[in-house]
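So the chains spell out like this:
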Amino acid sequence: QVQLVESGGGLVQAGGSLRLSCAVSGSSVSINTMRWYRQTPGKQRELVAFIGSVGIRNYEDSVKGRFTISRDNAKNAIYLQMNNLKPEDTALYYCNLYKADGLNYWGQGTQVTVSS
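Rules used throughout
- Residues numbered from 1 in each chain as written.
- Predicted model: local features only at pLDDT ≥ 70, side-chain atom pairs only at ≥ 80, totals over all residues.
- Heavy atoms only, no water.
- Pairing = 2+ DSSP bridges.
- Helix = DSSP H or I, 4+ residues; strand = E, 2+ residues; numbered from the N terminus.
- Disulfide = S-S within 2.5 Å.
- Contact = heavy atoms within 4.5 Å.
- Phe/Tyr/Trp six-rings, centres within 6.5 Å; stacked < 30°, edge-to-face > 60°.
- Buried < 20%, exposed > 50% of the residue type's maximum accessible area, 1.4 Å probe, protein only.
- Lys NZ or Arg CZ within 6 Å of the ring centre and 35° of its normal.
- Lys, Arg positive; Asp, Glu negative; His and termini not counted.
- Salt bridge = Lys/Arg side-chain N within 4 Å of Asp/Glu carboxyl O.
- Polar contact = N/O pair within 3.5 Å; in protein donor to acceptor, adjacent residues only side chain to side chain.

Novice: Quick question: what am I supposed to make of the pairing of strand 7 (residues 67–72) here?
Specialist: Remark: a regular strand shows side chains that alternate across the two faces of the sheet. With six bridges joining them, strand 7 and strand 8 (residues 77–82) adopt antiparallel strand pairing. Paired with S70 across the strands is Y79, a residue of strand 8. Connecting strand 7 to the antiparallel partner strand 8 that follows it, the hairpin turn spans four residues, and N76 within it adopts a positive phi of roughly 50°.

Given below as structure tokens:
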């Protein structure tokens, strides 16, 4: 059974940094596409960043240059380093594992709140 557990969210002032972690069990982060999404009340879940099995990374335009997604195969985890945070980054952040067969797995989410 695939399980994802996020951590690292919290309250931070604008301009600050947070590092989100996603620990994965039941499948390997090295062979799947791993993604971070975020969601605010009343809005659709938004893709923030992904890292593919061969290491290709991509980011949503508003976070480019501020967020970095990374992967630790030995720990079977992924991370999202978020710098220069803005109030509009406030959201519930979700880790996602996307398998080649089309199955998606989600964590429970971790709240990020950025105060102005």
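Novice: What is the right way to read the state of the cysteines from this model?
Specialist: Disulfide: a covalent bond connecting the sulfur atoms of a pair of cysteines. Tallying each qualifying case throughout the model produces one disulfide. Each disulfide pairs two cysteine sulfurs, and for C22 the partner residue is C95, the sulfurs being separated by 2.1 Å. Classification of the bridge connecting C22 and C95 rests on its S-S torsion, roughly -80°, and on that basis the disulfide is left-handed. With a gap of 73 residues between them, C22 in strand 3 (residues 18–25) and C95 in strand 9 (residues 91–98) connect regions that are remote in the sequence.

Novice: Explain the environment of Q108 to me, please; I cannot follow it from the model alone.
Specialist: By the element assignment, Q108 lies in the loop between strand 10 (104–106) and strand 11 (110–115). In this structure the C-alpha to C-alpha distance between Q108 and G10, which are 98 residues apart in sequence, comes to 15 Å. Look past the residues within four positions of Q108 in its chain and what remains in contact with it is L4, V5, E6 and Y94.

Novice: What's the story with the packing of aromatic side chains in this structure? I'm lost.
Specialist: For any pair of aromatic rings, the description rests on two quantities: the centre-to-centre distance and the angle between the ring planes. This structure, assessed with the given rule, holds two aromatic pairs. Measuring from ring centre to ring centre gives 6.3 Å for Y94 and W106, while their planes differ by 90°; the resulting arrangement is edge-to-face. Taken together, the positions of Y94 in strand 9 and W106 in strand 10 put the pair twelve residues apart, joining distant regions of the chain. Exposure remark for Y94: the relative accessible area of 11% places this residue in the buried category. A relative accessible area of 34% places W106 in the partly exposed class. Three or more aromatic residues link up through ring pairs in this structure, and these residues are Y37, Y94 and W106. The positively charged end of R45 is found above the aromatic ring belonging to Y94, 3.7 Å away from the centroid. Lying over the aromatic face of W106, R45 brings its terminal NZ or CZ to 4.5 Å of the ring centre.

Novice: What exactly am I supposed to notice about the side chain of E6 here?
Specialist: Within the fold, E6 resides in strand 1 (residues 3–7). Although E6 is buried, it makes no salt bridge; R45 carries the closest opposite charge, 7.4 Å away. There is a polar contact of 2.7 Å between the side chain of E6 and the backbone nitrogen of C95. Of note is the side chain of E6, whose polar atom sits 2.9 Å from the backbone nitrogen of G109. E6 has contacts with S21, C22, W36, Y93, Y94, C95, G107, Q108, G109 and T110, leaving out every residue within four places of it along the chain.

These figures capture arrangement, not role.
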